[in-house]
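Listed below, chain by chain, are the residues.
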Amino acid sequence: MNFLKFTAPLVFSADGGFSQNTVIITDQNGKIQDLEPSHLHDPAEVRSVSRAIIPGMVNTHCHLELSHMKGLVDTGTTLLPFLKNVVQYRDFAPEVIAAAIEDGDRYMYDQGIVAVGDISNKTDTLQTKSKSKIRYCTFVEMFDFLNPAMTKATIDQYEAVYQSFQFAGGAKDKVSRVPHAPYTVSPALFDYINKSNPENAVVSIHNQETLAENELFISGTGGFKSFYDGFGIDLSHFKPNGKTSIHYALEHMDPKQTTLFVHNTLTTLDDVHAANKWSQKIFWASCANANLYIENNLPDYRVFVDSNQKMTLGTDSLTSNWQLSVWEEILTIKKYNSWLPLEKLILWATANGAEALGMDDELGQISRGKTPGLVAVPVEMSPKGWVPGVGEPERLI
């Protein structure tokens, strides 16, 4: 068998740091055969790149089916007006939606993304995913707007979507039923999702993205009252529990399933402690560019880092982001949080993401027996350590 050999000034190792003078040996399909010192190999037989080599990146939160809405929604609107705009602009000609989805998938692949946790409300992405080079964990998102009268119709609608993905999914892909957010899912719908998913399911939920979300559950006030009124949805039955919104989610979700909390812009250390008491199978997905696009705000990353939480990175959609690039998420977080080591951010983007989606058997690390994909990224040394350089990722394999 012919093997491929790669080397670079820096290789991101399985222990979460950079190693030097390393040759990566793969088969033709990219499966890692070995990692060996550079001096053991003839340089003429090794492809040498001038950048750092990292594993393929994992986008743990995306809405690929909204790719046709790029640039249609203004930045800085805050979440509730943003959600109204999504409803307003969502319906386009099927061929326009399909072309945008294909473009988004191809762009993510070219940007070095090897796996995506993708929110789906419809089957629009099914055809693209079935032939994509990217592995997908499709999250079929359900919501009944806290209204028990809508629960059965919601289940019927989204169960059909789930079954379509389940039936069509190849060996490389996964599918789960997931709740949209605490402010849109009734206890009955949570119960259905918990009981219908397999025990090893990965579940995602939007969490604490805006102040109004916490206000709804703490006091029953805030912008969600008028938001629901605008859609003719009655919330008179809703009783606030006096706690932040994540507590409602913890009360109704299944702690045995892997849970990916997404955005977490307003999540506090008390919220994190409550979640950790509830389950040890938790990951926290950050979508920094989307947080800036919608609310002009970022999470307090020290809350998660200082308490040793498992973080991952996502892009959200082209409705709420300028691009679907995990590397750009790293650049943005590093820009506003220069204290965060680049190595930690790469770990969030690779090994942690793969583990969160249950794909770490093959992805996330450059180590023997795995097929993580290899991506060259610009990295430079600064007085404060390694920092991103100039340029976009380059997929090697």
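Refer to the structure printed above.
Below is a short write-up of the structure. (Residues numbered from 1 in each chain as written. Predicted model: local features only at pLDDT ≥ 70, side-chain atom pairs only at ≥ 80, totals over all residues. Heavy atoms only, no water.)

Met108, Tyr183, Trp284 and Trp348 are the most contacted members of the largest nonpolar core, which totals 100 residues. Tallying contributions element by element places helix H13 (residues 342-356) first for this core, with six residues. Other than its neighbours up to four places away in sequence, tyrosine 183 contacts Leu79, Leu83, Leu146, Glu213, Leu216, Phe217, Phe224 and Tyr228. Ranked by size, the runner-up nonpolar core spans eleven residues in total, among them Phe6, Ala8, Ile24 and Leu396. (Core = buried A, V, L, I, M, F, W, Y, C linked by side-chain atoms within 4.5 Å. Buried < 20%, exposed > 50% of the residue type's maximum accessible area, 1.4 Å probe, protein only. Helix = DSSP H or I, 4+ residues; strand = E, 2+ residues; numbered from the N terminus. Contact = heavy atoms within 4.5 Å.)

The calculated volume of the largest pocket comes to roughly 640 Å³. Taken together, 29 residues line the largest pocket, and the ones lying closest to its centre are Leu83, Val86, Val87, Arg90 and Phe143. Of all the secondary structure elements, the ones that give two or more residues to the lining of the largest pocket are helix H1 (79-89) and helix H4 (151-168). It is H1 that provides the largest number of residues to the lining of the largest pocket, a total of five residues. Grouping the amino acids of the lining of the largest pocket by side-chain chemistry returns 14 nonpolar, nine polar and six charged. (1 Å grid on protein atoms, 1.4 Å probe; cavity = no way out; pocket = protein on both sides within 12 Å on 5 of 7 lines; lining within 4 Å. Points joined across faces, edges and corners; volume = space filled by probe spheres on them. Nonpolar A, V, L, I, M, F, W, Y, C, P; charged D, E, K, R; others polar.)

Here we come to unusual backbone geometry. For residues besides glycine, phi is generally negative; the peptide bonds are generally trans as well. A positive phi is found at leucine 146, a non-glycine position, where the angle reads about 60°. Mapped onto the elements of the fold, leucine 146 is located in the loop between strand E10 (135-142) and H4. For asparagine 264, which is not glycine, the phi dihedral falls at a positive 55°. Tracing the sequence through the fold places asparagine 264 in the loop between strand E13 (258-263) and helix H9 (269-278). The class for asparagine 264 is buried, based on a relative accessible area of 2%.

Here valine 262 lies in strand E13. Residue classification places valine 262 among the buried residues on the basis of a relative accessible area of 1%. Separated by 14 residues in the primary sequence, valine 262 and asparagine 276 place their C-alpha atoms 15 Å from one another. When near neighbours in sequence (up to four residues on either side) are disregarded, valine 262 contacts His61, Ser204, Ile205, His206, Asn207, Ala285 and Cys287.

This next bit is on the sheet that holds strand E8 (residues 57-62). The parallel open sheet is built from four strands, whose spatial order is E8-E9-E10-E11. The strands lining the two open edges of the sheet, one partner per strand, are E8 and strand E11 (174-179). Neighbour-to-neighbour, the strand axes of the sheet open up by a mean angle of 15°, direction not taken into account. Contacting strand E9 (113-120), E10 and E11, H4 crosses the sheet at an angle of about 170° to E10. (Pairing = 2+ DSSP bridges. Axes fitted to C-alpha atoms, helices over the stretch in contact; angles between N-to-C directions.)

Below, the discussion takes up the sheet that holds strand E5 (residues 32-37). Strand pairing in a sheet takes place through backbone hydrogen bonds and is either antiparallel or parallel in direction. In spatial order, the strands read E5-E4-E1-E6; together these four strands make up an open sheet with mixed pairing. At either end of the open sheet lies a strand with only one pairing partner, and these are E5 and strand E6 (47-48). Bridge count for strand E1 (residues 4-8) against E6 is two bridges, and the pairing is parallel. Counterpart to threonine 7 in the pairing with E6 is serine 48.

With that settled, consider helix H12 (residues 326-336). For H12, the set of buried residues is Val326, Trp327, Glu329, Ile330, Thr332, Ile333 and Lys334. Between the side-chain oxygen at the start of H12 and the backbone nitrogen of tryptophan 327 there is a gap of 3.4 Å, and the oxygen is on serine 325. (Polar contact = N/O pair within 3.5 Å; in protein donor to acceptor, adjacent residues only side chain to side chain.)

Okay, the side chain of serine 279 next. For serine 279, the location among the structural elements is in the loop between H9 and strand E14 (282-286). Its relative accessible area of 6% is what places serine 279 among the buried residues. Among the polar contacts listed, one links the side chain of serine 279 to the backbone nitrogen of lysine 281, at a separation of 2.9 Å.

A few words now on the pattern of salt bridges. Taken as a whole, this structure holds 15 salt bridges when the rule is applied. Arginine 368 is paired through a salt bridge with aspartate 34; the nearest N and O atoms lie 2.7 Å apart. Of this pair, arginine 368 sits in the loop between H13 and strand E16 (374-377) while aspartate 34 is found in strand E5, placing the two residues 334 residues apart along the sequence. (Salt bridge = Lys/Arg side-chain N within 4 Å of Asp/Glu carboxyl O.)

Everything listed here is a matter of coordinates, which is why it stays silent on function.
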